[in-house]
Amino acid sequence: MKQKFNVITSTCVPLPLENVDTDQIIPARFLKATTREEKFFGDNLFRDWRYNADGSLNQDFVLNDPTYGGQILVAGKNFGSGSSREHAAWAIAGYGFRVVVSSFFADIHKNNELNNFVLPVVVSESFLQELFDSIYKDPKMEVEVNLPAQTITNKATGRSETFEINAYKKHCLMNGLDDVDFLVENRGKVEEYERRSVHRE
Amino acid sequence: MKTLFDKIWDAHVVQQVEDGPIQLYIDRLYCHEVTSPQAFQGLRERGLKCFRPDHIYCMPDHNTPTHDQDKPIEDPVSRTQVDTLAKNAEEFGLTHFGMMNPKNGIIHVVGPERGLTLPGMTIVCGDSHTSTHGAVGAVAFGIGTSEVEMVLASQCILQTRPKTMRITIDGTLGKGVTAKDVALYMMSKMTTSGATGYFVEYAGSAIRSLTMEGRLTLCNLSIEMGARGGMVAPDEVTFEYLKGRDYAPKGEDWEKAVAYWRTLKSDDDAVFDKEVRFDAADIEPMITYGTNPGMGMGITQHIPTTEGMGDVERASFEKSMAYMGFQPGEQLLGKPIDYVFLGACTNGRIEDFRAFASIAKGRRKAANVTAWLVPGSWLVDAQIREEGLDKVLEAAGFEIRQPGCSACLAMNDDKIPAGKYAVSTSNRNFEGRQGPGSRTLLASPLMAAAAAVTGVITDPRELL
């Protein structure tokens, strides 16, 4: 899971829908696991869009279309809204995506992706629209996501944008570190805080 | 110069990480069975203990059946998850209110009603509806499981400071218009992403006039506009509600606490990153027609048409209409429904049962409707019986079930069948939320009761 992140160049899977909520990414009935079974969650990514009610594959859904593939998921705005379930990020990572591109992410899900070494890349609406057009025109076209330089490039058109990420989180992603490591190292500061704060309870 | 949010947030900053987020101290961590097992497992793998076990409260709510809770849960996978929480709580020395414990219920109902949730606190839980607790004047927000592990390990979390927004609603709410309608109205205007990146403070005379239960409903739904959280400044309504509750301060400590809580309000000259205003008079009883909570309208209105929508927006809208079996431009009044669900962390409190009973009283449940009435906690259940609402509801053909999240997300047996319509007091109408293929119409307890006794979508004002 703590896969270090640097530069990823890959084809893309297009999902041109807005407000894709985490109930769609992984329905509640798959949240009963008590361990991080990435394969299980990945196998059930977008479960009710990917499979028909009788369990057969929904051939119309993009994950079942061999034309498209790759490590980058490209989705419409407000991706990951709704439930805080981190299982959604586990499902995305478990399926094999390393990057999700959208013009807007819901807050909690964005943090969940970052905490699982999946990079959410926020692009402008016009970059996103052009990216969808490029993918549909040539499904083999590639996108380069360069974390050190904080750039995303549509290699079909050559258009590039920079994206934001705070320096701390970038360092974590590039070096395979997580927040628990940092916080445990800083327990002394917490004790200091507890001593100095007038306790409100 | 400070907003209410600033005052609480600033009082909890442990440190600003260089070029990074803020390390924020957390007063309360609530854990339920679904989003905590992997966090406890993480602690075990790292060989860590809980840093501040007395700040953490655990209770199962998502998987619990709404009948026969005194017997083992039938579904072995659900049972394992619920048992795992009890084992983890024991291993790490945490307070745990198990099934059948009189303090058990939905975590967001139990926290405030037991006085565990207090003004001025920072509160987190691996659950997006943690925003509920902001109603008492706390900074409360939902987090992921990795973040639950952070709090277990250090009583802190790393967060970017959100922007602040004030939503002011002045005026008087009309007949039959509840806190739920106010929230659904705001979502329909703001969309499900309109408050993303912000922490919202609700203000104005219409908000002040809400009871504590109403404020909890309102703050609960903040996340459905994308907000990190929502809050209402504490006032006499808050103090009256909290006084005497199990974990609330007592005696001299209570007086001291209230004196501090009175300082928890936005200064007159405080500046918000964004200000939004609505007029209470514009709000009518609301209902949703689509597959996200922002797709709502006044009960007398028509579903929008696709005119003026861009490609991606239209594709999303049409997908939603096909799922719901509705046509753009049509009205919902008079359409038959199949299920009614009263409950959830949104509307599973005593006031919601009183509202439902006010319409059910002297009427009968429609024959075509299956109704699930699920109290948010055992305490709510006890209040229902104390007030005799159970008798009123039973006489009208309704039955009270046992507490839990139930059909809100259908992790237990309470699933709405594929293609069926449910008028639901819960918080999300996403595809499949209440069971694969289920069709959810979000509404207030009054609207739910009106649909339950008529069998069709009905304006509750006609029955008041």
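Cut-offs applied
- Residues numbered from 1 in each chain as written.
- Chains lettered and ligands numbered in written order.
- Predicted model: local features only at pLDDT ≥ 70, side-chain atom pairs only at ≥ 80, totals over all residues.
- Helix = DSSP H or I, 4+ residues; strand = E, 2+ residues; numbered from the N terminus.
- Rg over C-alpha atoms; globule rule 2.2 N^0.38 Å.
- Buried ≥ 20, exposed ≤ 12 C-beta atoms within 10 Å, placed from the backbone.
- Contact = placed C-beta atoms within 7 Å.
- Nonpolar A, V, L, I, M, F, W, Y, C, P; charged D, E, K, R; others polar.
- Pairing = 2+ DSSP bridges.
- Axes fitted to C-alpha atoms, helices over the stretch in contact; angles between N-to-C directions.
- Core = buried A, V, L, I, M, F, W, Y, C linked by C-beta atoms within 7 Å.
- pLDDT = per-residue confidence, 0-100.
- Parallel < 35°, antiparallel > 145°, perpendicular 65-115°, else oblique.
- Left-handed = near helix turned anticlockwise from the far one by under 90°.

Let us look at the overall build of chain B. Counting its secondary structure elements, chain B contains 16 helices and 18 strands. For 464 residues, the compact-globule formula gives about 23 Å, and the C-alpha radius of gyration of chain B, at 21 Å, lands near that figure. Along the first, second and third principal axes, the C-alpha atoms of chain B reach 55 × 55 × 50 Å. The buried share of chain B, taken over its 464 residues, is 60%. Long-range pairs, those at least 24 residues apart, make up 76% of the contacts in chain B between residues at least 6 apart in sequence.

As a further point, take the overall build of chain A. In terms of helices and strands, chain A carries nine helices and eight strands. Relative to the 2.2 N^0.38 estimate, which gives 17 Å for 201 residues, the radius of gyration of chain A is 18 Å and therefore close to what a compact globule would have. In terms of overall dimensions, chain A has a C-alpha envelope of 60 × 45 × 25 Å along the principal axes. Summarising the internal contacts of chain A: among those between residues at least 6 apart in sequence, 68% fall at separations of at least 24.

Listed by partner, the interface residues are 47 residues for chain A and 65 residues for chain B. Those elements that provide at least two residues to the side of chain A that touches chain B are helix H1 (22–25), helix H5 (107–114), helix H7 (167–175), helix H8 (179–185) and helix H9 (187–196) of chain A. In the side of chain A that touches chain B, the residues fall into 16 nonpolar, 16 polar and 15 charged.

Once that is clear, we can look at the sheet that holds strand E9 (residues 163–170) of chain B. All names here are of chain B. What the four strands build is an open sheet, ordered E11-E10-E9-E12; its pairing is parallel. The open sheet has two edge strands with one neighbour each: strand E11 (229–231) and strand E12 (274–279). Here the average twist between neighbouring strands, direction ignored, is 20°. Where E9 and strand E10 (residues 198–203) come together, six bridges link them in parallel fashion. From the neighbouring strand, threonine 164 faces E10, where its bridge partner is phenylalanine 199.

Another point: the nonpolar core. In this structure, Val74(A), Ile92(A), Cys156(B), Ile287(B), Val340(B) and Ala448(B) are the most contacted members of the largest nonpolar core, which totals 201 residues. Every residue in contact with Val74(A), bar those within four places of it in the chain, is listed here: Cys12(A), Val13(A), Pro14(A), Leu15(A), Val101(A), Leu131(A), Phe132(A) and Ile135(A).

All names here are of chain A. Taken in spatial order, the four strands line up as E2-E3-E4-E5 in an open sheet, and their pairing is parallel. Looking at the sheet topology across the chains shown, the edges are occupied by strand E2 (12–15) and strand E5 (119–122). Here the average twist between neighbouring strands, direction ignored, is 20°. Across four bridges, the pairing between strand E4 (residues 99–102) and E5 is parallel. By the bridge assignment for E5, valine 100 is matched with proline 120.

Residue and element names in this part refer to chain A. In this structure, lysine 4 sits in the segment before strand E1 (7–10). Owing to 12 C-beta atoms within 10 Å, lysine 4 belongs among the exposed residues under this scheme. For the pair lysine 4 and asparagine 175, spaced 171 residues apart in the sequence, the C-alpha separation amounts to 5.6 Å. Each residue touching lysine 4, except ones within four places of it in the same chain, is listed here: Met174, Asn175 and Gly176.

Each regular strand shows side chains that alternate between the opposite faces of the sheet. All names here are of chain B. Alternating residues of strand E18 (residues 439–442) divide into Arg439 and Leu441 and Thr440 and Leu442, and every residue in both groups is buried. Where strand E17 (residues 421–424) meets E18, four bridges bridge the pair, whose relative direction is parallel. In the strand pairing of E18, valine 423 is matched with leucine 441.

Looking now at the environment of Gln301(B). All names here are of chain B. For glutamine 301, the location among the structural elements is in the loop between strand E14 (296–298) and helix H11 (311–324). Its 16 C-beta neighbours within 10 Å are what place glutamine 301 among the partly exposed residues. Taking C-alpha positions, glutamine 301 is 9.2 Å from glycine 329, a pair spaced 28 residues apart along the chain.

With that settled, the discussion passes to the pairing of E17(B). All names here are of chain B. Both faces of E17 are covered, namely the face carrying Tyr421 and Val423 and the face carrying Ala422 and Ser424. As paired elements, strand E15 (residues 339–342) and E17 share three bridges and run parallel to each other. Across the sheet, phenylalanine 341 pairs through a bridge with serine 424, a residue of E17.

Residues and elements named next belong to chain B. The buried fraction of helix H5 (residues 145–154) amounts to ten of the ten residues, a majority that puts the element mostly inside the structure. For H5, the complete set of buried residues consists of Thr145, Ser146, Glu147, Val148, Glu149, Met150, Val151, Leu152, Ala153 and Ser154. Of the residues one or two after H5, glutamine 155 is the one with positive phi, at around 60°.

What follows covers the confidence of the model for chain B. Here chain B shows a mean pLDDT of 97. Residues at 70 or above account for 100%. Across the interface, the model reports ipTM at 0.96; the global pTM reads 0.97.

The next point concerns unusual backbone geometry. Residue Asn19(A) is not a glycine yet carries a positive backbone phi of 55°. By the secondary structure assignment, Asn19(A) is in the loop between E2 and H1.

Quick look at the packing of helix H2 (residues 37–46) of chain B against H5(B) now. Residues and elements named next belong to chain B. One can describe the packing of H2 onto H5 by two numbers: an axis separation of 8 Å at closest approach and a directional angle of 50°. The orientation of H2 with respect to H5, classified from their angle, is oblique. Viewed along their axes, H2 and H5 form a crossing whose handedness is right-handed. The segment H2 lies against H5, with Gln38, Ala39, Gly42 and Leu43 engaging Thr145, Val148, Glu149, Leu152 and Ala153. Residues belonging to the contact of H2 with H5 are distributed by class as follows: five nonpolar, three polar and one charged.

All names here are of chain B. Tracing the backbone shows phenylalanine 272 in the loop between helix H10 (251–261) and E12. Separated by 270 residues in the primary sequence, phenylalanine 272 and lysine 2 place their C-alpha atoms 9.1 Å from one another. If we skip the residues at most four places from it in the chain, phenylalanine 272 touches Thr3, Thr164, Met165 and Arg166.

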